[in-house]
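The primary structure of each chain is shown beneath.
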Amino acid sequence: MKLLIVESPAKARKIQSYLGSGWQVRACLGHVRDLPTKGDTLPDKYKDASFAQLGVDVNNNYTPIYVARKDKAQTIKDLKALAKSAEAVYLAADPDREGESIAWHLSVLLGLGKDAQRVTYQEITERAIRQAVASPRTIDFHLVAAQETRRVLDRLAGYGVSPLLWKAVGGPQSAGRVQSAALMLLAQREQSRLRFVPSAFWRVGVMVESQPPFSAVVSALKDIPLATAASFTATGALKSELNVAQLDAEKAKQLVAYLDRQQAVVRDVTVSPVVRRPPPPLTTSGLQQAANAKLKFGAAQVTKLAQALYEAGLITYIRTDSPHLSDEAMTLAREAVATRFGPDALPREGRQYATRNKDAQEAHEAIRPAGKFVAPEQSGLSGDELALYRLVYDRTLASQMRDAVGSKTAVTLQAGQVTLSASGVVLNEKGFTALYDDQDKNDEEQRLPALKIGDRFPLKDAKAEEKKSSPPGRFTEGKFVQVMEKAGIGRPSTYGATLETLQRRQYVALKNRQLHVTPLGLLIASYLMKQVPQLVNAEFTAQMESDLDLIASGKLGRVAYLDRIWKGTLDPAIHAAQLTAPRFELPHVGAVLEVRGGVAGLVKDGKGLALPEGVLPEDLTEPVVTALLSGTFKAPAAQKSPTAKRPAKAAKAAKEPKTTPAPRRKRKGAGA
DNA sequence: CAGTGAGCGAGCTTCCGCTTGACTT
């Protein structure tokens, strides 16, 4: 009997069916050994080591301590027994950095020695698998070194910087290469929103009475363009390089009265072609974004539903960064399109999509229907599962369909000294949009009639409305997963976990499906930015990835790299870091955020208090700050309070007149 | 003397990435 070890049980079942008797195909369920965490029993030689808790001997070539993972004890036991009786063992973990490491750890645990047989393949077909097991190679120790470098760096950074927060902030805080970089991106967006000064301007719209009628807006007066939202800076000033005029209420009113009696002449018509390509097949981040935008599912919900579809054999593996379709899948997708929309819906050649992400490891295919491409209505699914499966199905089919083709028309009309503009899009060939439209519903454009220069039309229904320039928007979970992927922060298997960590630590909170940074999150981010800027720099991970590539190709030594990053950069910064509690200025309300005992508080004019849970930076307006400091603030959402279990005490606290709102943690919050 | 509360000190917290059941509430 020959033993083949892969990572996932679903894969194991599939491959077992190809290889048949004479083979045992088993799953190791991911990593089997890791650096120790609290509660792990260490090998005797490390029991009393000074670095036992860190798990890395920094002064001895960054040698890691590896222990078998407790959650894999049974798996390891089973694999050991099978390996003992097998005539040969093949290590077929995924073909990427982490997979190579898993193969090596397995070879150590199973006592396979240096000549352990490593097997990789790019797709799961019988031919590819048979070819792979016929030509095993040895383990690539450069690639293993690259993974070990990544693992050690993350441990050193995480366990090195987190204690700074315990001392400076208090409470069970955490920092790390991924979570802190992600927090920083969110905090920067929140800060630019806090600093943003909105500008008001007026916009006048009017109906042009052609057949059919269409709507136009006043775009210029006496040939001087009017200000739009894009004309203002973040501080509320008109961009100086633009020569634009700003409508006020009075002028807007005059314009409305004037336009209602006017006729407009078409001055210019520009028609340009529009070609929209279908979106690529789904990756982990693409699924998060699409399910969030189209189905309003949260990140954790998408993962749970997708996992269920994967286990039911309906879709392929759900943690991937590749939009690639196998030849077989492409054929099935094209057949499904032809059946439903006719052969003309397909371009001559199948469409293959390249990843845009240079850090992608591409160990898996795109997320697509597995097997025979069961149509959604025949899947036997219902509810949210059906909705998510339909999304995967439609996106896969759409990726193979023709472009949507049409034209965009821009029209300029003149009424006296007033210039009007309108635009419209017409799709002549719907292409993939017949199945899947990725356009935002709000962006839908009107259809314009055929127009010639010199045409005259009466105007009707002029209306003025006041508009405000708006700050950069917050992220939904789905959008932010895409932001993380683009920045190279985290991996498909961790995007969701990172969002959960940030929320569990109460650095980030979801409100109306938007990610908000909490006051505590703002304080932590600004502290890290000041004390260990290297860690939170968005470039750090991207640079790390290219250095790991050098290590994987043998061009850079693992110790040399870790010396540069740890001894040369992070460790000195950690030693030099100030351990004073961070502060965050809120100039718009003349107050300062502070933190005591892990709880964010507000200080103004020498008075201070702990912020009640659930208060977000955007809530801290002048009246709220005043109410908070005078004790008249009422918490927005009725949340389950830990004091509810002790009714006598809670009642007593409520009767006392000048009690500050109680923080939910043990220690007392910020004071004056 | 029992109960309360201020004040003090000891002990604790943590990373990222790979993969699913086996647990409890």
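Scroll up to find the structure this text is about.
The following refers to the structure shown. (Residues numbered from 1 in each chain as written. Chains lettered and ligands numbered in written order. Predicted model: local features only at pLDDT ≥ 70, side-chain atom pairs only at ≥ 80, totals over all residues. Heavy atoms only, no water.)

1. Observations concerning the overall build of chain A
Helices and strands together make up the secondary structure of chain A, namely 19 helices and 21 strands. Here the C-alpha coordinates of chain A stretch approximately 95 × 75 × 55 Å along the principal axes. A fraction of 72% describes how many contacts in chain A between residues 6 or more apart in sequence connect residues 24 or more apart. Just so you have it, chain A exposes about 33500 Å², and 51% of that area is on carbon and sulfur atoms. A distance of 6 Å separates the average location of the 93 positive side-chain charges in chain A from that of its 70 negative side-chain charges. (Helix = DSSP H or I, 4+ residues; strand = E, 2+ residues; numbered from the N terminus. Contact = heavy atoms within 4.5 Å. Areas by Shrake-Rupley, 256 points an atom, 1.4 Å probe, with all protein chains shown as cover. Lys, Arg positive; Asp, Glu negative; His and termini not counted. Charge placed at Lys NZ, Arg CZ, Asp CG, Glu CD.)

2. Remarks on the protein's contact with DNA strand B
Around DNA strand B, 43 residues are found, and the nearest of them are His31, Lys38, Gln53, Arg69 and Ser493. Within 4 Å of the protein, the atoms of DNA strand B are drawn from sugar and phosphate moieties in a proportion of 63%. At 3.1 Å, a side-chain N or O of arginine 151 approaches a base nitrogen of DNA strand B. Of all elements in the fold, only helix 5 (141-168), helix 6 (177-195) and helix 9 (299-311) reach the threshold of two or more residues within the surface near DNA strand B. In terms of residue count, the dominant contributor to the surface near DNA strand B is helix 5 (nine residues). Of the residues belonging to the surface near DNA strand B, the class tally is 10 nonpolar, 18 polar and 15 charged. (Near = heavy atom within 4 Å. Polar contact = N/O pair within 3.5 Å; in protein donor to acceptor, adjacent residues only side chain to side chain. Nonpolar A, V, L, I, M, F, W, Y, C, P; charged D, E, K, R; others polar.)

3. Looking at the pattern of salt bridges
This model, assessed by the stated rule, comprises 30 salt bridges. Of the charged contacts in the structure, one is a salt bridge between arginine 69 and aspartate 71, with a shortest N-O distance of 3.0 Å. Among the ionic pairs, glutamate 100 bridges to arginine 137, the shortest N-O distance being 2.9 Å. Of this pair, glutamate 100 sits in helix 3 (residues 97-109) while arginine 137 is found in the loop between helix 4 (126-134) and helix 5, placing the two residues 37 residues apart along the sequence. Note on glutamate 100: relative accessible area 1%, which makes it buried. For arginine 137, a relative accessible area of 35% translates into the label partly exposed. (Salt bridge = Lys/Arg side-chain N within 4 Å of Asp/Glu carboxyl O. Buried < 20%, exposed > 50% of the residue type's maximum accessible area, 1.4 Å probe, protein only.)

4. Quick notes on the pairing of strand 20 (residues 599-604)
Working note: regular strand, side chains alternate between the two faces of the sheet. Most of strand 20 is tucked away, with six of its six residues classed as buried. On strand 20, burial covers both faces: Val599, Gly601 and Val603 on one face and Ala600, Leu602 and Lys604 on the other are all buried. Summarising the sheet, strand 19 (residues 591-596) and strand 20 pair through five bridges and their orientation is antiparallel. Looking at the pairing, valine 592 lines up with valine 603 of strand 20. Between strand 20 and the antiparallel strand that follows it, strand 21 (residues 607-610), lie two residues; aspartate 605 among them carries a positive phi value of about 50°. (Pairing = 2+ DSSP bridges.)

5. Quick word on the packing of aromatic side chains
Throughout the structure, instances matching the rule amount to seven aromatic pairs. With 6.0 Å between their ring centres and 70° between their planes, tyrosine 66 and tryptophan 104 make a pair best called edge-to-face. Remark: tryptophan 104 occurs in helix 3 and tyrosine 66 occurs in the loop between strand 5 (63-64) and strand 6 (67-68); sequence separation between them is 38 residues. Its end group placed over the ring of phenylalanine 141, lysine 114 keeps NZ or CZ at 5.4 Å from the ring centre. For lysine 294, the ring lying beneath its charged end belongs to tyrosine 436, and the centroid distance is 4.3 Å. (Phe/Tyr/Trp six-rings, centres within 6.5 Å; stacked < 30°, edge-to-face > 60°. Lys NZ or Arg CZ within 6 Å of the ring centre and 35° of its normal.)

6. So, the sheet that holds strand 7 (residues 88-91)
Taken together, four strands build an open sheet; the order of strands is 2-1-7-8 and the sheet is parallel. The open sheet has two edge strands with one neighbour each: strand 2 (23-27) and strand 8 (117-118). The sheet contact formed by strand 1 (residues 2-6) and strand 2 spans five bridges and is parallel. Bridging from a neighbouring strand, leucine 3 pairs with glutamine 24 of strand 2. Of the strands in this sheet, strand 1 and strand 2 are in contact with helix 1 (residues 9-19), which crosses strand 2 at around 170°. (Axes fitted to C-alpha atoms, helices over the stretch in contact; angles between N-to-C directions.)

7. A look at the environment of glycine 406
The residue glycine 406 is located in strand 13 (residues 404-415) in this model. With 362 residues separating them along the chain, glycine 406 and aspartate 44 place their C-alpha atoms 72 Å apart. In this structure, glycine 406 is in contact with Ser272, Pro273, Val274, Val426, Leu427 and Asn428, ignoring residues within four places of it in sequence.

8. Remarks on the side chain of glutamine 288
Residue position: glutamine 288 is located in helix 8 (residues 284-295). Owing to a relative accessible area of 7%, glutamine 288 belongs among the buried residues under this scheme. One polar contact links glutamine 288 to threonine 303, side chain to side chain, over a distance of 3.3 Å.

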